[in-house]
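Chain and residue survey
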Amino acid sequence: MSTAGRLTFGPYAVALLAAGACVFALRLALVTDHSAPNTEILPEMVRSAAWVSQIDGAPTPDGLSDRPLVAGVVPRGMLPFRYGTTPEEAVRAGAELTNPFRADDTAARERGAVVFARFCAVCHGADGEGEGLAVRHGMTRPPSLRADRALQMKDGQVFHVVTKGQGNMASYAVPIAPDDRWKAILHLRALQTTGTR
Ligand code: HEC
């Protein structure tokens, strides 16, 4: 028992280990798994680590990467919308706001048709009657956008509905830029007046 715990390698064992290492190296070199990302060596030379917002450690005086806005600055495309969420506020928006795009602006109307098809038709239907795909699959049916109430709504009120939401309809302020909301309203007006289906 005096040799217990001692490992001895004969020449055959060494040759076997060497052969094993060669097979392993060959396999690494020849078999490429295209679904796995390549092994990167020193990747920081290619990509730098992104700072995570609001987490300490950014090389700024306060250590935050998320910079507060300087007072009075309005980010591009983010004009403030100073209305509350109540129906009265929707009516006030209707009285105060006008569509910055004109009905004879073909490009704006074409863009509005795209926005409506992408964001509104799924519930309201391409014709605005409220038979969208989501409704056919169980979503609450919205009122027809060609009914009197929607016909009489001012553009600014529709803009308020899309921006703030109304009852069962959520706000679309985040996915649809303000100009696109106005353009979708141009398309809605075209739907309502021409009866295009
Ligand atoms: C997920 C489904 C859904 C989508 C998408 C949607 N709406 Fe609605 N919309 C509704 C529902 C439901 C109502 C009824 C809300 C309520 O009063 O409870 C509604 C109400 C409205 C009204 C008010 C109608 C009225 O008579 O009171 C307008 C205007 C309107 N939507 C326009 C739009 C426009 C424009 C878009 C696209 C930018 C859009 N909606 C996208 C579901 C949707």
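Everything numeric here is computed off the predicted structure, so don't read it as measured data. (Residues numbered from 1 in each chain as written. Predicted model: local features only at pLDDT ≥ 70, side-chain atom pairs only at ≥ 80, totals over all residues. Heavy atoms only, no water.)

Helices and strands together make up the secondary structure of the protein chain, namely 7 helices and 0 strands. The C-alpha radius of gyration of the protein chain comes to 31 Å, more than 25% above the 16 Å expected for a compact globule of 197 residues. Structurally, the protein chain occupies a C-alpha span of about 100 × 50 × 40 Å along its principal axes. Buried residues in the protein chain amount to 26% of all 197 residues. Contacts spanning at least 24 positions in sequence make up 49% of the contacts within the protein chain whose residues lie at least 6 apart. Of the roughly 14600 Å² that the protein chain leaves accessible, carbon and sulfur atoms contribute 61%. (Helix = DSSP H or I, 4+ residues; strand = E, 2+ residues; numbered from the N terminus. Rg over C-alpha atoms; globule rule 2.2 N^0.38 Å. Buried < 20%, exposed > 50% of the residue type's maximum accessible area, 1.4 Å probe, protein only. Contact = heavy atoms within 4.5 Å. Areas by Shrake-Rupley, 256 points an atom, 1.4 Å probe, with all protein chains shown as cover.)

Another point: the packing of helix 3 (residues 106-124) against helix 7 (residues 178-194). Contact geometry for helix 3 and helix 7: axes closest at 7 Å, N-to-C directions at 90°. One finds that helix 3 runs roughly perpendicular with respect to helix 7. Here Ala108, Arg109, Arg111, Gly112, Ala113, Val115 and Phe116 of helix 3 come into contact with helix 7, specifically with Asp180, Lys183, Ala184, Leu186, His187, Leu188, Ala190 and Leu191. Residues of the contact of helix 3 with helix 7, tallied by class, amount to 9 nonpolar, 2 polar and 4 charged. (Axes fitted to C-alpha atoms, helices over the stretch in contact; angles between N-to-C directions. Parallel < 35°, antiparallel > 145°, perpendicular 65-115°, else oblique. Nonpolar A, V, L, I, M, F, W, Y, C, P; charged D, E, K, R; others polar.)

Our next topic: the site of the ligand. Residues in close proximity to the ligand total 20 residues, the closest being Cys120, Cys123, His124, Arg149 and Met169. Separating an oxygen atom of the ligand from a side-chain N or O atom of Gln166 is a distance of 2.8 Å. Note that an oxygen atom of the ligand is positioned 2.9 Å from one of the backbone N or O atoms of Asn168. Here the element with the most residues in the shell around the ligand is helix 3; it accounts for 5 residues. Classifying every residue of the shell around the ligand gives 15 nonpolar, 4 polar and 1 charged. (Near = heavy atom within 4 Å. Polar contact = N/O pair within 3.5 Å; in protein donor to acceptor, adjacent residues only side chain to side chain.)

A few words on the coordination of the iron atom of the ligand. Ideal donor angles around a metal are set by the shape: a four-donor tetrahedron calls for 109.5 degrees, a six-donor octahedron for 90 or 180 degrees. The protein atoms donating to the iron atom of the ligand are His124 (NE2) and Met169 (SD), with metal-donor distances spanning 2.0 to 2.2 Å. Residue His124 is classed as buried on the basis of its relative accessible area, which comes to 11%. Looking at Met169, the relative accessible area reads 27%, which means it is partly exposed. (Donors = N, O, S within 2.8 Å, 3.2 Å for Na, K, Ca; no water.)

Moving on, we come to the environment of Ala29. With respect to the helices and strands, the residue Ala29 is situated in helix 1 (residues 11-30). On the basis of relative accessible area, Ala29 is assigned to the exposed category, the value being 58%. With 123 residues separating them along the chain, Ala29 and Gln152 place their C-alpha atoms 72 Å apart.

Taken together, the side chains of Phe9, Val14 and Leu17 make up a nonpolar region of the molecular surface, amounting to roughly 330 Å² of accessible area. Its location among the elements puts Phe9 in the segment before helix 1. (Patch = residues over 30% accessible without salt bridge, like charges linked within 9 Å, V, L, I, M, F, W, Y side chains within 5 Å. Salt bridge = Lys/Arg side-chain N within 4 Å of Asp/Glu carboxyl O.)

Here we come to the packing of aromatic side chains. Within this structure, the stated rule accounts for 3 aromatic pairs. Relative to Tyr83, the ring of Phe81 has its centre 5.0 Å away and its plane inclined at 45°; by these criteria the two rings are tilted. Of the residues examined, Tyr83 reaches a relative accessible area of 11% and is grouped as buried. Aromatic pair Phe159 and Trp182: ring centres 4.0 Å apart, planes at 10°, arrangement stacked. Pair noted here: Phe159 is in helix 6 (residues 155-164) and Trp182 is in helix 7, with a separation of 23 residues, a long-range link. Through successive ring pairs, a cluster of aromatic residues spans Phe81, Tyr83, Phe159 and Trp182. (Phe/Tyr/Trp six-rings, centres within 6.5 Å; stacked < 30°, edge-to-face > 60°.)

Applying the stated criterion to the full structure yields 7 salt bridges. Note that Asp180 and Arg111 form a salt bridge whose closest N and O atoms lie 2.6 Å from each other. One end of the pair, Asp180, is in helix 7; the other, Arg111, is in helix 3, with 69 residues separating them in the sequence. On the accessibility criterion, Asp180 (14% relative accessible area) is buried. Judged by relative accessible area, Arg111 falls into the partly exposed class, the value being 33%. Bridged by salt links that share partners, the residues Glu89, Arg92 and Glu96 form one connected network.

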